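These are the residues of each chain, in order.
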Amino acid sequence: MRFSFKYIFYGCRNTFLSFGNFIKDYFLTIKYNIFIIKDKSVIELQLDKFSDKTLVLLNHFGGGTEKYIRQNFYRGDYIHLTQCNYHNGFCFCLHILETNKRLYFDKTTLPNIISQRLKGIIVNSLVGFSDETTLLNQLTTVKKNNKSIFLLYLVHDFHSICPSVHLYYGDCYCKMECTKCGNEEYRRIAPERQKRWFTFLSVCDEIRTFSLSSKKLLLSIYPNLIEQQISVVPHDMTYCTFKPLVIGKHSKNRIAVIGTIMSICKGMIVVKDFLHYCINKDINLYLIGTLCKDYIVNAPNIHYLGKYKSQDLKNILQFNKINAVFFPSVLPETFSYLIHELMIMQIPIVGFDIGAQGEYLSSYKYGLTLPINAPNEEIYKALISLLK
């Protein structure tokens, strides 16, 4: 009797759990318009016909990364893999560009997705994927088992070095001194994590950086071991049709800070301090883009123009007679479309001697770089000096 009761109990429990999963999936379908495919045979059937496609892992959007994705990976021969988060878990979405169809898969089916017959795999970014360790291990295994798949890793950030992605601790550049990191967890996991990343990077056919500075930073952690796989391929700027600006002299110099300055990385604190310094100075300072509202400084010579579209930037600068730009990013950039657009317009730029911004500005005729901890007075004098 006890034996029968036990099986009745487990039968009822399993029925209840199945019903619970049904309700969860129904909730996802209704609220998020997601229908998750869990049958592995269905997955294999769907993916088997994509042997001529390249799978792109991307989960990080916005800014220059999104522009790069749209320039390069929005064609019929690509399939996008992203992670979708919801109230109590996540699943994966395959966006088939050729048909504009989206398929949603349970997270346990990831190995089936990346181990299919594919032309190539491009790791655009692993930022935002929950199980980084599993992904790295599976990608490494897939490449080792199938040499014909071309595996490309794109260095849009420094996630391969540190979970902080942008290499900062507190409000400044960490200089990649991992053993001295103030984040106890990062310091503890750094050796094993970097070992896993190196194992993955070592099987890549190509590790593509967009500036020489990014290559040097990568090699400072993985010295010489992956150098033969690293290429330096700056982003394509042919989309930018701007002509050089022609700005005359004015009684007041007109200086701009441009971009989405909403994080420490992009110089939010630096900009706030510089705005305070510029109050009542003999300049007009224009912020073209967005700044955290708590950091806005109100003064007669400080102007906020709000969000802008990239194609309108030249007209905005011309209309407001901007004759110099301060680029405040305090952490190493991997490229910067904005700096290249400004260089095409031949406008003077001041930035810090770090990352891709330091690399490109140091070789730019109208560029000037300063130490990362330069005081406001030095920044101001540098901008004025470029206008003479």
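Residues numbered from 1 in each chain as written. Predicted model: local features only at pLDDT ≥ 70, side-chain atom pairs only at ≥ 80, totals over all residues. Heavy atoms only, no water.

Looking at the nonpolar core
- Judged by nonpolar contacts, the single largest core of 47 residues is most densely connected at Leu55, Leu57, Leu94, Ile121, Tyr153, Phe200 and Ile207.
- With sequence-adjacent residues up to four places away left out, Leu94 is seen in contact with Leu47, Leu55, Ile79, His80, Leu81, Lys101, Arg102, Leu103, Phe105 and Ile113.
- Counting 37 residues, the second-largest nonpolar core is a separate cluster that includes Met237, Leu338, Ile339 and Leu342. (Core = buried A, V, L, I, M, F, W, Y, C linked by side-chain atoms within 4.5 Å. Buried < 20%, exposed > 50% of the residue type's maximum accessible area, 1.4 Å probe, protein only. Contact = heavy atoms within 4.5 Å.)

A word on the packing of aromatic side chains
- Inspection of the entire model under this criterion finds 16 aromatic pairs.
- On the numbers, 5.8 Å between centres and 80° between planes, the contact of Tyr68 with Phe73 is edge-to-face. Each member of the pair, Tyr68 as well as Phe73, is classed as buried.
- Members of the aromatic cluster, joined through ring pairs, are Tyr68, Phe73, Tyr78 and Phe210.
- The side chain of Lys281 reaches across the aromatic face of Tyr277, ending 4.1 Å from its centre. (Phe/Tyr/Trp six-rings, centres within 6.5 Å; stacked < 30°, edge-to-face > 60°. Lys NZ or Arg CZ within 6 Å of the ring centre and 35° of its normal.)

Here we look at the pairing of strand 4 (residues 89-96)
- Of all 8 residues making up strand 4, 7 are buried, and the element is well covered by its neighbours.
- Note: strand 3 (residues 78-86) against strand 4, 8 bridges, orientation antiparallel. What sits directly across from Gln83, in strand 4, is Phe92.
- Sheet topology places strand 4 next to strand 5 (residues 101-106); 6 bridges connect them, and they run antiparallel. Its bridge partner being in strand 5, Cys91 is matched across the sheet by Asp106.
- Between strand 4 and strand 5, which pair antiparallel and follow one another directly, the connecting turn spans 4 residues, one of which, Asn100, has a positive phi of 55°. (Helix = DSSP H or I, 4+ residues; strand = E, 2+ residues; numbered from the N terminus. Pairing = 2+ DSSP bridges.)

Digging into the confidence of the model for the chain
- Confidence along the chain averages 86 in pLDDT terms, with 88% of residues attaining 70 or more.
- Per-element confidence in the chain is highest for strand 16 (residues 349-352), whose mean pLDDT is 98, and lowest for helix 1 (residues 2-31), whose mean pLDDT is 43.
- For residues 1-32, every residue scores under 50 in pLDDT, and the model assigns this stretch 14 contacts once sequence neighbours within four places are set aside. (pLDDT = per-residue confidence, 0-100.)

Side note on the sheet that holds strand 15 (residues 324-326)
- Strand order in this open sheet of 6 strands is 14-13-12-15-16-17, and the pairing throughout is parallel. Since the sheet does not close on itself, it has two edges, and those belong to strand 14 (302-306) and strand 17 (367-370), each with one partner. Neighbour-to-neighbour, the strand axes of the sheet open up by a mean angle of 25°, direction not taken into account.
- The strands that helix 8 (residues 268-278) touches are strand 12 (253-261), strand 13 (283-291), strand 14, strand 15 and strand 16; relative to strand 13, the one it contacts most, it runs at about 155°. (Axes fitted to C-alpha atoms, helices over the stretch in contact; angles between N-to-C directions.)

Some details on the pairing of strand 13
- Most of strand 13 sits out of view: 9 of its 9 residues are buried.
- Pairing between strand 12 and strand 13: 9 bridges, direction parallel. Bridge assignment links Thr260 to a residue of strand 13, and that residue is Thr290.
- Regarding topology, helix 8 serves as the crossover connection from strand 12 to the parallel strand 13, and that connection is right-handed. (Right-handed = clockwise from strand over helix to strand, strands pointing away.)

A look at unusual backbone geometry
- Located in the positive-phi region is Val165, a residue other than glycine, with phi close to 70°.
- Within the secondary structure, Val165 is located in the loop between strand 7 (150-154) and strand 8 (168-169).
- Taking the relative accessible area as the measure of exposure, Val165 reaches 12% and is therefore buried.
- The backbone of Leu167 shows a phi angle near 65°, a positive value even though the residue is not glycine.
- With respect to the helices, strands and loops of the structure, Leu167 is situated in the loop between strand 7 and strand 8.

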